[in-house]
Amino acid sequence: MGLLDVPAIPAKYPDGSRATAANRPSFIDAADFGPGRTQVEINAAIARAVEVGCREVRVKAQDGPWTLSRYATNDQGGSIRISQPNITLRSDGATLIMASNAAFIGVRSVTGTRVTITADTVPTDTTLMVVDSSSFTVGQWAFVRLGQAAYDAAEPDFWLWAKVQAIPDSTHVTLDRPVGYAMSVAAIPSVGQRSIAPIPVLVSDVEIAGTWNLINPLTSGSNAESGVSIAYAHNVKVGTIVGSDCGAAVVGGQFVESMTIDAIKATSAIAQNGHPAKGRVFGVSECRGVRVGLIQAENVERSLIVAEGRCESVEVDKVVFKNTFPGRSIATAVIGVLGNSRIDVRSLHVMGNGSYLSDNGGTSGTDLRITDAYFYTATRPIMNPSMISRRLYVDGILFTDIRTWKRIIPLRPSMQGVAIAMPSGQLRKVKATASSTTGISTLYLGATSTLTNSQSSQLVAGVSVDLTQGAGFGPGYNASADTGKRAVITTDATVPTGAYLALEAEYWADPAVAGDTAAADGLVRPDGPGTDVWLAFYGASPDALISGAITRNANGAATSAPVLWPDGIAGVYTGTPSASFPGAVDSYTITYLGATTRTVAQPALTRDPTTGAVTNRPMNTVS
């Protein structure tokens, strides 16, 4: 019997007639299709299920193990192949053993030849101009590729499933929905990335149900493809897949819309032949609407999870990763999110060795969000903590209380390594806003004994800049230290008058360290009204505080005036005129008449003896 031949109906259906509603079997048993325990029998059972209109094929553990080889000589796709809709392939724990270079189970629509789109599109378009519409049929599904992906020349920037609603003429195809994407033909030289392909049969409503054990025993660099490989499909459900050295992924998908997976487990995932894209557990590209209940793995050589190619709405409820592969590089990310993709992980647990938490591969538009992260590792992971939104367990401490912290630092010329203490606990995010970048030489984020990797080049005047980098806060920043963190500022003589730097941080308060000044709402406000930093900042600009009549001396120097602070508290400005430059003020004080009277004092300025320009303005003081 040839690979694609359909065997006779087994003896249990002796009449050989096509099934009807009355006699259609509730399932097809793969073991009934010959004495062999290979993909041939399983594929024959799938073919028979399609023929008789039965939705379910069963592969039983008691009948195995099942040994798989390639579906066809040069075909590395699924050894077991589903290319029709409405099929459930169910197992109660069957073991599949791979004997050649191929994926174990493949779910894939057969796509027709791509037809080039010849005119620009806008998001509201439903009709496309094409080079030839003759290969399309009304009511047929079609797959649209629009735009060139910046991260991969072989992939589109956007894709769409749609049904052909009409064929107006030989060069137009009308779809049942807008394309949702603006594309310029002139900007897309690769015709493959501005194309539409007919889909004779869209594989949808397919389920790989129950529990499956996938084992690849091949050695000597044999390059396994993947466990369950799903492509060009819609509405796919997967049960529990347990894999050993499955290659590119235990479960992988491309161009899949709506996929749910109960659990993915890997007892081992080596990168066969050292291949950079093997040794993974879960990988998706160009997928939408993916939900995974559990990913559990150990002895993984490459990234545990990889999402690339504008994956949208990929959610994983729980990840448990025992990072134990002996040669795994510390530079290998646990999760790779590439090319405009987004993943949401609700609970992440990492044990064993430390590692990079995530990597975007140098691509843009990526987003990894983790609700709770628990690191039980001997070496602290390198991570961007802003990805974690609720709980962080690291270094044996559970951090649950996220607070905010803010400092406004008046900038003066020639500040030499002025240190600003930062709160105890674990920093989640740090932002900086400089009123002017002129004269800011260096801005370090560091621990008491560590000052490397200045952040000053990232500052943009008047713009709040996120200093939280992909791997945290840059090399040398001792983010694991709960105490002793600081920002250190150095300026030169060109800092303009009234310049300031505002630092904002979100951080997990250290439950073991007392002394954080928290308001009732749990937010740290060390720079609130009446505090030294607040008074020093606003007191640096007396012109902005004066509210009322100004008294001036005979030369026009402002010697006295009432002031009104931003919180509504009154005060008095008193200026000391310059003896050398009539009309100018060399020093001043401003009082803050709150419950306790405070005084901001600007010490005497140093002026150029010829021009009178200020050459040194000391930091003001608060008493």
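Residues numbered from 1 in each chain as written. Predicted model: local features only at pLDDT ≥ 70, side-chain atom pairs only at ≥ 80, totals over all residues. Heavy atoms only, no water.

### Focus: the packing of aromatic side chains
The description of an aromatic ring pair uses the distance of the two centres, along with the angle that the planes make with each other.
Item 1. Summed over the entire model, instances satisfying the criterion amount to 14 aromatic pairs.
Item 2. For the ring pair Phe143 and Phe255, a centre distance of 4.9 Å and an interplane angle of 75° mean the geometry is edge-to-face. You can see Phe143 sitting in strand β9 (residues 141-148) and its partner Phe255 sitting in strand β15 (residues 251-268), a full 112 residues away along the chain.
Item 3. Ring plane angle 40° and centroid distance 5.2 Å describe the contact between Tyr376 and Tyr393, whose orientation is recorded as tilted. Within this pair, whereas Tyr376 is found in strand β23 (residues 367-377), its partner Tyr393 is found in strand β24 (residues 388-394), the two being separated by 17 residues in sequence.
Item 4. Seen from the ring of Tyr71, Arg81 lies directly overhead, with NZ or CZ sitting 4.2 Å from the centre.
Item 5. Directly above the aromatic system of Phe158 lies the positively charged group of Arg288, at a separation of 5.2 Å from the ring centroid. (Phe/Tyr/Trp six-rings, centres within 6.5 Å; stacked < 30°, edge-to-face > 60°. Helix = DSSP H or I, 4+ residues; strand = E, 2+ residues; numbered from the N terminus. Lys NZ or Arg CZ within 6 Å of the ring centre and 35° of its normal.)

### A look at unusual backbone geometry
Item 1. Of note, the bond from Gly64 into Pro65 is cis; its omega dihedral lies within 30 degrees of zero at 5°.
Item 2. One non-glycine residue, Phe255, adopts positive backbone phi at about 55°.
Item 3. The phi angle at Ser313 is positive, at roughly 55°, despite the residue not being glycine.
Item 4. Within the secondary structure, Ser313 is located in strand β19 (residues 312-323).
Item 5. Here Ser313 falls in the partly exposed class, since its relative accessible area comes to 40%. (Buried < 20%, exposed > 50% of the residue type's maximum accessible area, 1.4 Å probe, protein only.)

### Things to note about the pattern of salt bridges
Item 1. By the definition in use, this model includes 23 salt bridges.
Item 2. Here Glu312 ties to Arg288 by a salt bridge, and the two come within 3.6 Å at their closest N and O atoms. Pair noted here: Glu312 is in strand β19 and Arg288 is in strand β17 (residues 288-298), with a separation of 24 residues, a long-range link.
Item 3. The class for Glu312 is partly exposed, based on a relative accessible area of 31%.
Item 4. With relative accessibility at 12%, the residue Arg288 sits in the buried group. (Salt bridge = Lys/Arg side-chain N within 4 Å of Asp/Glu carboxyl O.)

### Some points on the nonpolar core
Item 1. Counting 81 residues, the largest nonpolar core has Leu89, Val281, Phe282, Ile295, Leu304 and Phe375 as its most contacted members.
Item 2. Ignoring sequence-local partners within four residues, the contact set of Ile295 consists of Ile264, Val281, Phe282, Leu304, Ile305, Val316, Lys318, Val319 and Val320.
Item 3. Core analysis: the next-biggest nonpolar cluster, separate from the first, contains 25 residues, Ile409, Val430, Ile489 and Tyr507 among them. (Core = buried A, V, L, I, M, F, W, Y, C linked by side-chain atoms within 4.5 Å. Contact = heavy atoms within 4.5 Å.)

### So, the pairing of strand β32 (residues 500-508)
Item 1. Where strand β26 (residues 402-410) lies against β32, nine bridges are found, and the strand directions are antiparallel. Looking at the pairing, Trp405 lines up with Ala505 of β32.
Item 2. Judged from the eight bridges that link them, strand β28 (residues 426-434) and β32 form a sheet pairing that is antiparallel. Counted as the bridge partner of Thr433 is Ala502 from β32. (Pairing = 2+ DSSP bridges.)

### Digging into the sheet that holds strand β33 (residues 551-552)
Item 1. The strand order β33-β34-β35-β36-β37-β40 describes an open sheet built from six strands, whose pairing is antiparallel. Pairing within the sheet leaves two strands with one partner each, and these edge strands are β33 and β40 (621-622).
Item 2. Direction of pairing for strand β37 (residues 597-602) relative to β40: antiparallel, over a ladder of two bridges. When the bridges of β40 are listed, Ala601 appears paired with Thr621.

### Some remarks on the sheet that holds strand β30 (residues 465-466)
Item 1. Taken in spatial order, the four strands of this open sheet run β26-β32-β28-β30, and their pairing is antiparallel. The open sheet is flanked by β26 and β30, the only strands paired with a single partner.

### Remarks on helix α1 (residues 39-52)
Item 1. Its 14 residues place the ends of α1 20 Å apart at the C-alpha level, agreeing with the 20 Å of an ideal helix rising 1.5 Å per residue.
Item 2. Counting buried positions along α1 gives 10 out of 14 residues, so the element sits mostly inside the fold.
Item 3. Buried residues belonging to α1 abut β1 (28-29), β2 (56-59), β3 (66-68), β4 (78-82) and β5 (88-98).
Item 4. The distance from a side-chain oxygen at the start of α1 to the backbone nitrogen of Val40 is 3.1 Å, and the residue carrying that oxygen is Thr38.
Item 5. Looking one or two residues past α1, Gly53 carries a phi angle of roughly 80°, positive in sign. (Expected span 1.5 Å × (residues − 1). Polar contact = N/O pair within 3.5 Å; in protein donor to acceptor, adjacent residues only side chain to side chain.)

Note that all results are geometric; they support no functional claim without further evidence.
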